Structures are given as C-alpha cells and as structure tokens.
Amino acid sequence: MEPCPAMIASDPPPPIPLLQAEGLAFARNDEPVFGPLDFTLNPGDVVLVEGDNGSGKTTLLKVLSGLLQPNSGRIRLNGEDLTLARLSHQVALLGHLGGLKLDLTALENLRFAIGVFGLRSGAAPLPALASVGLEGYEDVPVRSLSAGQKKRVALARLLLVPAALWLLDEPYANLDKSGIDLVNRLLDAHARRGGAALVTSHGAYAFTSGTPRRLPLRPTP
Amino acid sequence: MEPCPAMIASDPPPPIPLLQAEGLAFARNDEPVFGPLDFTLNPGDVVLVEGDNGSGKTTLLKVLSGLLQPNSGRIRLNGEDLTLARLSHQVALLGHLGGLKLDLTALENLRFAIGVFGLRSGAAPLPALASVGLEGYEDVPVRSLSAGQKKRVALARLLLVPAALWLLDEPYANLDKSGIDLVNRLLDAHARRGGAALVTSHGAYAFTSGTPRRLPLRPTP
Amino acid sequence: MNTLTLWFHKFGSPPTFHRVTGLLIPWLFAAALLIGLVGLYGGLVLAPADYQQSDAYRIIFIHVPCAWMGLFAYIFMAVNAFIALVWRIKISEILAMASAPVGAWFTAITLATGAIWGKPMWGTWWTWDARLTSELVLLFLFLGVIGLYNAIEDRRQAARAAAFLGLVGIVNVPIVHFSVSWWNTLHQGTTVRLLGPSRIDSSMLWPLLLLALATHIWFFASVFARSRVSLLELEGGKEWARAIALGTEHGHE
Amino acid sequence: MNDFLAMGGYGAYVWSSYAIFALALLIDYITPRLRNRRVIAELRGRMKRQQRRQEKSA
Amino acid sequence: MRYGTTASACAAVIRRDLLLTWRRRGDALNPALFAIMVVVMFPLALGPEPNQLANVSVGIVFVAVLLAGLLALDNLFRGDHEDGTLEQVVLSPHPLSLLLGSKILVHWLSTALPLIVISPALAEMLHLPRSVMPVLIVALILATLLLSLLGAVCVALTIGMRRSGMLLALLVLPLYVPVLIFAAGACNAAQMGLPFLAPLLWLGAALALALVLAPLACAAALRISIT
Amino acid sequence: MRYGTTASACAAVIRRDLLLTWRRRGDALNPALFAIMVVVMFPLALGPEPNQLANVSVGIVFVAVLLAGLLALDNLFRGDHEDGTLEQVVLSPHPLSLLLGSKILVHWLSTALPLIVISPALAEMLHLPRSVMPVLIVALILATLLLSLLGAVCVALTIGMRRSGMLLALLVLPLYVPVLIFAAGACNAAQMGLPFLAPLLWLGAALALALVLAPLACAAALRISIT
Ligand code: HEM
Ligand SMILES: Nc1ncnc2c1ncn2[C@@H]1O[C@H](COP(=O)(O)OP(=O)(O)OP(=O)(O)O)[C@@H](O)[C@H]1O
Ligand SMILES: Nc1ncnc2c1ncn2[C@@H]1O[C@H](COP(=O)(O)OP(=O)(O)OP(=O)(O)O)[C@@H](O)[C@H]1O
Ligand SMILES: [Mg+2]
Ligand SMILES: [Mg+2]
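Residues numbered from 1 in each chain as written. Chains lettered and ligands numbered in written order. Predicted model: local features only at pLDDT ≥ 70, side-chain atom pairs only at ≥ 80, totals over all residues. Heavy atoms only, no water.

### A closer look at the overall build of chain D
Within chain D, the regular secondary structure consists of two helices and zero strands. When burial is assessed residue by residue, chain D has 34% of its 58 residues classed as buried. (Helix = DSSP H or I, 4+ residues; strand = E, 2+ residues; numbered from the N terminus. Buried < 20%, exposed > 50% of the residue type's maximum accessible area, 1.4 Å probe, protein only.)

Written out as structure tokens, the structure reads:
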C-alpha cells in the first residue's frame, strides 16, 4: 500500500498480495485444528497445501473462503479484511461437495454460476465445457454423470467466473490421468493470467511447471 | 468342476474360481456402459479395473455385487450364479458412499458390520482400527472425522468381515501417502490369505508386490 | 411353440409393437369416436327423459362408462404389473405404466360427473360414503403409481416399483365395486348386469353399452399411444429407435 | 333446440359433465403426442452428442 | 470364520438402531411434538368451545397421530440409504425380511410409542370424555403398529427416489384410510356408548396378517428399488 | 470481466429455481396432494355428517394448508445446502437478502399457489358455505405469503442441523399461531355473517412488514448457521 521508493529501478514494485494470512489459527472446541499460519499469495502463485488425513486442509480452505470463522489471526484479500458479509468477486471455492444441481444439465449449472458470480472476459460456457473434456455432455443432467465427470463440470465453473483466487479441495480426487493433466493445465493458465490458487492434495501429483510452493500442515496432535 | 486327470503330477488341481464373469454387459436405457467382459478371479488374485472417467468402473462393481442387474452375461461366485435374493458371505463392497453411520462412533459402526456380516477368524474391532491408523479415534463419532479418516474406518470394516471377494471403488481417493500404502498392504495380505479383490483406480498408484493384473474398460462411445 | 405364443413374442418385440400399434392407433381412435358419437346421439337425443330424474339422468351415459373404464384400467394395469414383476417382460411394464394415466383420467371424470350429478339428485356435491370414498382412493392409487413412476430415475426400476404398488392396491377394486352392497350408501346399487336382466330401459341401455364400448376402445388407443412413446424412450439406444427418430422410417406422428 | 340445450332445467349439470368428459379425453389424446415429439427431439440430441463424443475420441 | 446366526444379525440391527435413537433422543420426541402442535392448532382455528371440540376430538387426535407417524416414516430407511448402510444390509446373507422387521420394530418403539404415551394428554386438551380413553389407547396401538408395517412397504418403494417427502404421503394414504375408519370408528362408537369391539377385532386380524406379510413385501420392494 | 448486476443475479436465481421446479413438476403438486389428504382424513375420522363438517371446515382447511406449507418449507434451502450450491450463493458478492428473497418468491409460487388454487375444492368437500370462499382465498393468499417469509427465516436457522424436519415445525409454530388466528378468524367471522375486514387488514400490514424485514433476517440467519 505504501508507495515504493524507486531506488532499484529494475525491481518491479512489490505487488499487492492477493491473499495474506497472519497468525491464522482455527480450533474446534478448543482443540487446535491447524496452528498459527502465516503466508502470502501473490498473483501468479500456486500453493499446494499438504498434510496427512485429518490435518486440517479442508478446514483451512473453508476458513479462507469465509465459511468458517478463524479463532485468531486475520485474512486479507487484496489488502482488505475478509468477512462473510462483505465478499468480493475474488474467491472461487471448489469443495468436496461439487456445488452442482443434479437435476440441471451441465450447461444450466454453468449459466447459474455466471448469473451469480459474473463472467470472466473472453470466457463462455460451451467452450469451457469443451475444454474440460465434456463435449457432448452439455445437455445431460449432472445426476447421470460419473464421479469424475461431475468434477469436470465443477472445474469448468472455475474457468468461467472472474475470481482471481481459487481454493481447490482435492481437485485431483476421482479424476483420471487426463483429468489430472487438465487440472494442472488450468492452474498453469490461471497463474499466468495473474490469478492465484491454493490447492489441497495428498502430494501424489506434481504440477506441470516447476515445483510448486508447498504449505505443510502438521497433523493434529 | 470336472475331476482333473492326474497326468501331470506337479500341476495343482485347478482351483474353483472365486468369481467368474462370462459375457457380462450392462447398458443403461440401451446405451452400453461396458461391453461384454469375460474374466476370472482365482483366490489370491488382485485385479485393477482401469478406465477413464465415465468408462463404467463404478457400474461394473455394482453389477458384480448384485446391486445392479446385468443386461446380459452371467456372474458366478464359487461356481454358483449370483442373485440378489441369494447372496453369500463372500462379497464385501466399498463404494463411493462409505456405508458408515455418521452418528455412531467408529467402533460402533464396526460392531454393527460384524453383527450383520459375521467376523473373520482372528480379527477384532480394536486391532483393526489400530491397523488402519485410527488408534485413539475409536470413540469419535464418524461425522467429525475427515474425509480420509472416514475412508480408513471403511477399510477397517473390510478387515473384519469374512468376505473372500473385495470390491473396492477408488479406495485410494482422499487418502494420504501412508493411507495408500495401507491399502496396498491390506490387499497384499488379503491375497496371501486366499482372498481376491477387484479394485478400481485411475492407475496412478501401483500395488506393492509385482504388477497387478489389469482389466481395462474402454470409455463409452 | 404354438402360434399364440409365437405371435405374442413377435408382437412383444419392441420394433414390431411400435410398428403395429402405429398402424392400429388411428383406426382405434376413429372407431372410438364413431361409436361414441352414435352412443351419444342415442343417449342425448333418442332416449326419453327419466320419469324421476327428468333429463339430469343423461349424465349416466358418461358417468357409468367412465366408472367401469376406471376399474377396468386398474385391473388391466395390475395384470400387466404382475406379468412385469414375475416374468420381467418389458412390454408389460410399459403397458402397466401407460394405463395408469388413462385410468386416472377416467376415474377423475367419474368423480367429477358423479359430483355434478349428485348436486341435483342428492342435494350435495360430495358425501363421504363408501362408494365415493373408495373411488377417490382409486384415483389416489393411480396418482401414486404415476408419481412413483416419475420420481425414480431409472425407467425400468421405476416401472417395477410402481407396478408393485399398483399390485398392492388391487384390493381397492372390489371395494369400489361392491361398496354399494356391503355398506348402505347414498349411491344407487347395481342396475346394469351383464348376466341376467338389467333394471334399466333398453332405450337407455344400448347407448350406455355403446359408450362403454367406445371408452374401452379409446382406452386401448391411448394406452398404445403412450406405450409407443415410452418404448421409444426406453430403447433409445437401439437401431430401430434411432431410425424412427431420424425419420428414416415411417411410423412416427 | 333450446329445449334440448336446457335439458329440462338441468342443462348446466348435464353439459358441464359432457364438457369435462370431452376436455379430459382431449388432453388424454394430446399428451402422448407432445411427449412423442419431445422424446424424438431428445433422441436426436442424444445421437448428435454421441457422434460428437465419438469424433472427439477418434 | 464366524458367520453369525440370523438372530444375532437381527440383534445387531436392533442394537444399532436403538443406539442411534438414543444418540439423537431429541429427534425421537419430534413426532410427539408435531402431534401436539397439530392438536394445538385446532382450537386456535376452530374457536375454543369445549362441546364442539369434544365432538371432533377423536378425529383430531387420530389425524394428528397418523400425520406425525407418516412424517416419521420417511426416515425409516432414508438415512441408511444415504450413507450406504442400507446397501450393506441388503448385501447381508441373512433373510432381508427379518432384518427389516427388526428395523420396523425399533422404528415403532421410537416414534409411535411416545405418541401413544402422550395421546391421553392430547385427548384431554380436546375435552374427550375420560371413559373413551382406554379404547383410544388400544385403537392407537393397533393402528400405529399396522401403519408402521404398511408404511414400511411404501417407504421401501420410494427409496430409489431423489426426495420422497410428500409422495410418500400419497402412497400411504390409501392404506391408511381403512385403518383410520376402523380405529376412529371404534372410538366414536365408544364415545356414543355403542359397541366398539368389532372394529378393534378387525384391526387385530389385519395386524396379524401384516405382521407376517409386510416384512416380506418390504424386502421385495426394497430389492426392487435399490437395484 | 463482467461482474453482472444484482438484478441479473436475482434473475439467475429465479430462472434456475423455476427451471428446477419445472424439471420436477411432479414434486410441485405434492403440497396440494398432502392438503387433499389431510382434508380427506377428517371426514373419515369424524363421520360424514355435512353440518358437523361445515362447522369445522375452515379450521381443517387452514390446518391442512399450513401443514402442507410447513412440510414444503423444509426443502427451501435443504437441497441447495446438501449439494453445495447454497455455499455458492452465500459466497456470491451480491446482497444475500435479495438473492434469498428471490428464492422465497419462487418457493411461494411453486408450493403455495397450487394450494390456493385447490382450496375451493377442499372447502367444497367439507361443505363450507359458498359465500365464505372469497374471504377464504384472500386470507389464504395473505397467510401463505406471510408464512413463506417467516418460515424462511426459521429454515435458515435450522439449515446447519442434520435432520431438522420436526424441529423446524416447533420453531415455526409460534410464528404461525397469530397468522392462523387472524386468518381463520376472518373466515369464521364471514361464515357467521360478522365483519371480517379488520383481521385481513392486520394480516396485510404484517405482510408489508415481513416483505421488507424477512429477507434481511433470513440472510443474517443463514450466515450464522452456515458457518
Ligand atoms: C362423486 C360422486 C360419485 C362417484 C365417485 C360415483 C362412482 C361410481 C362408480 C365407481 C360406479 C361404477 C361401479 C361399478 O360398476 O362397480 C358408479 C356407477 C353408477 N353411478 Fe355413480 N358415482 C357418483 C355419483 C353418482 C350419482 C349422483 C348418481 C345418480 C344419482 C350415480 C349413479 C350411478 C349409476 C346409475 C351407476 C351404475 C350402477 C351400475 O349399474 O352398476 N352416481 N358410480
Ligand atoms: N464437523 C467436524 N466436527 C468436529 N471435528 C471435525 C469436523 N470435521 C473435521 N473434524 C476434525 O478436524 C480435523 C481436520 O479435518 P479436515 O477435514 O480439515 O482434514 P483434512 O486435512 O481435510 O483431511 P482429509 O485429507 O482426510 O480430507 C480432523 O481431525 C477431523 O477429525
Ligand atoms: N445414474 C446414472 N444414470 C445415467 N447414466 C449414468 C448414471 N451413472 C453413471 N452414468 C453414466 O454411465 C457411465 C459410467 O459411469 P460410472 O460411474 O460407472 O463411471 P466410472 O468409470 O466410475 O467413472 P469415474 O472414474 O468418473 O468414477 C458414464 O458415462 C455416466 O455418465
Ligand atoms: Mg479434506
Ligand atoms: Mg466411479
């Protein structure tokens, strides 16, 4: 926020961090789930949240999206404090629950998401579905898609909404190899576009380009 | 079934196959989901069902467990035809749904499974929970376990019931690395005990000992 | 195989069923319409006014055929449901499910016309006697079958579940029919008999019977029309259905 | 003619019954036809989709 | 290997369902609360005259109890279906009808019994003559047992559906009608000082039949709708 | 980037919910069927005398409609909660109260409107005098709107709970009582030939207030119970 002194001309001004967590901790009934965490996500960052089963990955993403209240610490989005009552267009969450209406078709689900969240410039529902490998499934009710196909519809939603910060909870689960590649490509493109993402995974899959930053969560004691 | 002529003394008599599928095919509203399949599982076999998203893996396991009716072909368990009305103690299914009561504790869930399915000789609930890494979680309601921990409880159930044939749908999903190892160890032990298993997975994880047999499913047209 | 079962098998094969009923349906509807119109002419114009009810009795010409039709539709549905559950014959599943909405319409007409008729005759639209109540229950049974069939995703499973329900509900049919003799009701007792003399003048009887015939023909026409659509839906993956959908084969409306 | 329509004073009852009868049968006649059209359209869509899937996997 | 007897499997089902009821004992009171609510609404809607209320009290109590039982019915298999434990029960090698019979028993104990216990209070609120009470309770016991058994068959059929909620009500109604007529008929007869034994005996006979047939039908229905 | 206006977000919600209603138009008839069922049960339990039925007909119709509405209420947010789309709506940047208001509107259209449409038939079956019908319909429109709005707040509060079913009934009941008293009171007055306008006006005033406040309260309640 402070003006950057132009002493070293070659250095770009430090970007405003997209997401900043300071001393973030969450406890359920006074049992700590994850300890005080400090981390920053700048545009272009993709961070892998690693941890064993039960270490608090899902909980962390819920806190960051505003769906759970942290016990201590603060979360800043683009420099502003996050509260559920004052959300921005910045965050898109992909949870264990797909957030899809099973009785609607893939296309109708995406149209609803656009209506509520807005549309990223240059994106459109049909091409988005094609790019997640669901060409020919546009008019099928989501109910009759397989586990992996449902996940792909949820991924297509991410492509459409203008959110800069993606919070993805186990996006790789239930996907086949081409699906895993797909997630990696999507993350790559998102990062190059100036977005950022926090991804939980059990670390079995690497990202495509370079080694991603990792945010390890210790298992609960 | 026919008596084996004892010409080659070193050959053991051919075992009765645990599971035998002949020309097994399933179609939903006349759209084929998986083609005619022929395969045999002998005691000690572990077979990996491979296929892309939507290729029919989940459907195949449901058919084999008797929960869906095949359109053609037959299934034989220990040489006898499978019908839902006449099930044996032979099959244990681990589906996308865990089959756990969220309001009961891990231990209570296992006790119920034993009551309904019986108990494998030498097995007991507490050691089973310990062996899937849930020591100390015996009395926690399953509701407040994480995604991976729930999966582990479902695995513990497999250890307890006397079924010889395991049908596991994506057992690796949601598990961390130690959990993946755990599944591999359990499968290994089950095979050595003379059991057999059919496992769906996207092929990202190998089994421990040797390369497993693979049963590829082609994607639906 | 004797010729009858052979014929059944042939007619029971989906493409044949679709083709044959496609040819049959227009004729059935035409016959129903023609016979119905003759019956109506006889009932509305030729038949004299009743000495007790004056002209209000003319409601009988639709009320009674439709009431019979509703009961017949239920029996037809239950028989097909039984066949579907025991022998898993696809055509029977479809016929059973197709007869439910038609039966529901006829039952609804019976209730509506009976209520309308009751106003001038009994002074009330509705009472809660055994005949009326059991007829209402019949409508609910039809609606339950339709509702269950539509609420389950997998078509064949839905058909079997709904068939099971329909079969359980068959106990209501004798109650509807015999309610007037088992309990004392406002509704009048049996006046038309197939065996033995009817207690109704022949100038009123023949239009009544003609209309009964017409509604039965209509029933089969409508059931066949519905079955064809369900069959097309169910066999959507098969070659013959695709040919019809693409219009490369005759036989679609 | 008027006498015929009046039905001895019960015209409203008789004719409304016949109207209900005709209306119900009309609806009963139309619904399968509409559904047939919908099913065929759906079937065509399904075939088109399947073709696209096949083209893609080829 | 210890495969276990059918008796022990039924015991396991009963133990588990009782345990679940106990874990959420709050929910077990819900049907009773619902019935109270219906009964409370009537004086508000009808006006509070005791005589008028007494005339309709039997009807209101029965409708309230039946509706409460109906709403509770939906949970009989739904929970088990959603979390996959019903699949486990169906795949069990023991006779499905007996396992389901055990479930129905526990369901009756946990939903209908509280209703029967509070029914005297409900009747009292509506000024039902005290002398009718014993007949009311016997009729309620017979009717709720019958309805649990008959209802279970319908629930088993609706298991494959997305959300059954009220469709279930539609399916169950035709079965409830005769039960309601006989049970309320007995109470009305008692209130008017007429003989009331015959309808109760009819209910008893129907119950004996249902005890044998309903679990079998329920198992058949479940097999249809779960596959 | 096109973030979209709040109006277009509400339109998206309305369009989707209408589409869903249409996709399962069978379910939309359920409340009406349920109400019919309740109305059918009463004559069976009370006996068929028209005069006695006419005396209690207003009460029965109101209780039937309210119960049907109450049971339909549970689905208002539950489906969306279970599949995670409610999370999406809550995380949307548009004012939550308006989005929820849109949902409530569609819910009223798809559940209460059919009830109102069939209510004359129900009243007729219970021999309610024809002259009371207009008052009954106006009272029902006001009452159902009010109850949809008030009920939505309660549903929002219970959304975090596993199985709210009947608890919801308990929360809603105290809110329903005054509505029931005024609405049924107006009809009873009309049936007895007394002036009935005052209670209707009171209902109208309450409705005006609820239209403004209920969506806001609903949004606040949902935020509390979803986190
Ligand atoms: C809502 C009211 C009514 C309903 C639900 C109803 C229902 C039925 C049914 C189901 C039947 C066929 C019974 C059978 O064949 O087993 C029937 C027959 C008949 N109904 Fe009605 N009815 C109603 C009102 C009336 C009224 C008001 C009248 C005349 C005053 C009437 C006159 C007849 C006659 C004459 C038959 C033929 C009886 C026979 O020959 O078997 N119905 N009705
Ligand atoms: N609703 C809940 N109530 C109480 N405790 C809970 C609840 N949900 C999760 N927990 C506990 O909180 C801890 C963290 O759970 P969380 O779901 O965040 O883990 P996770 O890292 O996502 O694990 P997994 O890899 O298995 O998905 C676990 O120990 C779990 O038992
Ligand atoms: N209930 C259903 N109704 C209609 N079609 C279905 C249904 N469930 C699955 N399908 C279709 O059947 C095919 C096979 O589905 P299935 O769930 O068996 O795939 P899968 O191999 O398990 O895939 P995944 O790896 O994504 O879990 C898919 O094309 C899917 O769209
Ligand atoms: Mg998790
Ligand atoms: Mg799968």
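### Some points on the relation of the copies chain F and chain E
Between chain F and chain E, the superposition needs a rotation of 179° and an axial shift of 0.0 Å, giving an RMSD of 0.1 Å. On the angle and the small slide along the axis, the relation comes out as a two-fold axis. No C-alpha of chain F approaches the rotation axis more nearly than that of Val56 of chain F, which lies at 4.2 Å. Same-surface contact between copies: 98% of interface residues of chain F are shared with the interface of chain E. (Least-squares fit on C-alpha atoms with pLDDT ≥ 70 in both. Contact = heavy atoms within 4.5 Å.)

### Considering the sheet that holds strand E1 (residues 19–28) of chain A
All names here are of chain A. In spatial order, the strands read E2-E1-E4-E5; together these four strands make up an open sheet with antiparallel pairing. Each end of this open sheet is capped by a strand with a single partner; those strands are strand E2 (31–41) and strand E5 (80–81). Contacts between helix H1 (residues 57–65) and the sheet are confined to E1, E2 and strand E4 (72–77), with E1 contributing the most and set at about 125° to the helix. (Pairing = 2+ DSSP bridges. Axes fitted to C-alpha atoms, helices over the stretch in contact; angles between N-to-C directions.)

### Re the domain arrangement of chain A
It is common to report an interface's size as the accessible area lost on association of the parts. Residue and element names in this part refer to chain A. Per the domain assignment, the segments of chain A are domain 1 (15–90 + 164–216) and domain 2 (102–162). Summarising the inter-unit geometry, the C-alpha centres of domain 1 and domain 2 are found 22 Å apart. Listed by partner, the interface residues are 18 residues for domain 1 and twelve residues for domain 2. Across the domain 1 to domain 2 interface the summed buried area is about 1,200 Å²; carbon plus sulfur atoms make up 63%. When the buried area of domain 1 at its contact with domain 2 is split by residue, Trp166, Leu182 and Leu186 rank highest and sum to 36% of it. Our enumeration of links across domain 1 and domain 2 arrives at one salt bridge. Among the salt bridges present, the one from Asp176 reaches Arg152, with a minimum N-O distance of 2.7 Å. Here domain 1 is connected to domain 2 by four residue pairs in polar contact (both at pLDDT 80 or more). No other element matches the six residues that helix H5 (residues 177–192) contributes to the side of domain 1 that touches domain 2. (Domains from an automatic or database assignment. Buried area = accessible area lost by both parts, 1.4 Å probe. Salt bridge = Lys/Arg side-chain N within 4 Å of Asp/Glu carboxyl O. Polar contact = N/O pair within 3.5 Å; in protein donor to acceptor, adjacent residues only side chain to side chain.)

### Quick word on the side chain of Lys103 of chain F
Among the structural elements, Lys103 of chain F can be located in helix H7 (residues 96–125). The contact partners of Lys103 of chain F, leaving out residues within four places of it in the chain, are Val13, Arg16, Asp17, Leu76, Phe77 and Asp80 of chain F.

### Some points on the confidence of the model for chain D
Taken as a whole, chain D shows an average pLDDT of 83; of its residues, 83% reach a score of 70 or greater. Overall fold confidence for the complex sits at a pTM of 0.80, while the interface term, ipTM, reaches 0.77. (pLDDT = per-residue confidence, 0-100.)

### A look at the nonpolar core
In this structure, Leu198 of chain B, Leu148 of chain C, Phe62 of chain E together with Phe62 of chain F are the most contacted members of the largest nonpolar core, which totals 414 residues. Once residues within four sequence positions are removed from consideration, Phe62 of chain F is found in contact with Leu136, Ala139, Leu140, Ala143, Leu180, Ala183, Ala184 and Cys187 of chain F. (Core = buried A, V, L, I, M, F, W, Y, C linked by side-chain atoms within 4.5 Å.)

### Let's talk about the interface of chain F and chain E
Contacts between chain F and chain E engage 41 residues on the former and 40 residues on the latter. Together, the buried faces of chain F and chain E total about 3,800 Å²; carbon and sulfur atoms form 76% of this surface. Put simply, chain F and chain E have zero salt bridges between them. For the interface between chain F and chain E, the tally reads two residue pairs in polar contact (both at pLDDT 80 or more). Every element with two or more residues in the side of chain F that touches chain E is listed here: helix H3 (30–46), helix H4 (50–73), helix H5 (75–82) and helix H9 (165–191) of chain F. Classifying every residue of the side of chain F that touches chain E by side-chain character gives 29 nonpolar, seven polar and five charged. (Nonpolar A, V, L, I, M, F, W, Y, C, P; charged D, E, K, R; others polar.)

### A few points about the packing of H5 of chain F against H7 of chain F
Residue and element names in this part refer to chain F. H7 packs onto H5 with a crossing angle of 120° between their chain directions and a minimal axis gap of 10 Å. By the angle between their axes, H5 is oblique relative to H7. For the pair formed by H5 and H7, the contact residues are Leu76, Phe77 and Asp80 on the first element and Leu100, Lys103 and His107 on the second. (Parallel < 35°, antiparallel > 145°, perpendicular 65-115°, else oblique.)

### Concerning unusual backbone geometry
Phi is positive for Glu170 of chain A, which is not a glycine, with a value near 45°. Unlike most non-glycine residues, His127 of chain F shows phi in positive territory, near 65°. As for its placement among the helices and strands, His127 of chain F is situated in the loop between H7 and helix H8 (133–158). His127 of chain F gets classed as buried once you look at its relative accessible area, which sits at 16%.

### Description of the packing of aromatic side chains
Residues and elements named next belong to chain C. Here the structure, examined in full by the defined rule, presents 19 aromatic pairs over all chains. The interplanar angle of 75° and the centroid separation of 5.2 Å between the aromatic rings of Phe219 and Phe220 together place this pair among those described as edge-to-face. On the accessibility criterion, Phe219 (0% relative accessible area) is buried. You can call Phe220 partly exposed: its relative accessible area is 25%. (Phe/Tyr/Trp six-rings, centres within 6.5 Å; stacked < 30°, edge-to-face > 60°.)

### Section: the pairing of strand E3 (residues 46–50) of chain A
Residue and element names in this part refer to chain A. Burial analysis of E3 places five of its five residues in the buried class, the great majority of the element. Of the two faces of E3, the one lined by Val46, Leu48 and Glu50 and the one lined by Val47 and Val49 are each fully buried. Bridge count between E3 and strand E9 (residues 213–216): four bridges; the pairing is parallel. When the sheet's bridge partners are listed, Val49 is paired in E9 with Leu215.

### Looking at the sheet that holds E9 of chain A
Residues and elements named next belong to chain A. Strands sit in the order E6-E7-E8-E3-E9 across an open sheet of five strands; the sheet is parallel. The strands lining the two open edges of the sheet, one partner per strand, are strand E6 (91–94) and E9. Across this sheet, the average inter-strand angle for adjacent strands is 15°, counted without regard to direction. Against the sheet, H1 makes contact with E3, E6, strand E7 (165–169), strand E8 (196–200) and E9, and its axis sits at roughly 150° relative to E7, the strand it touches most. Sheet strands in contact with H5 are E3, E7 and E8, and its direction is about 160° off that of E7.

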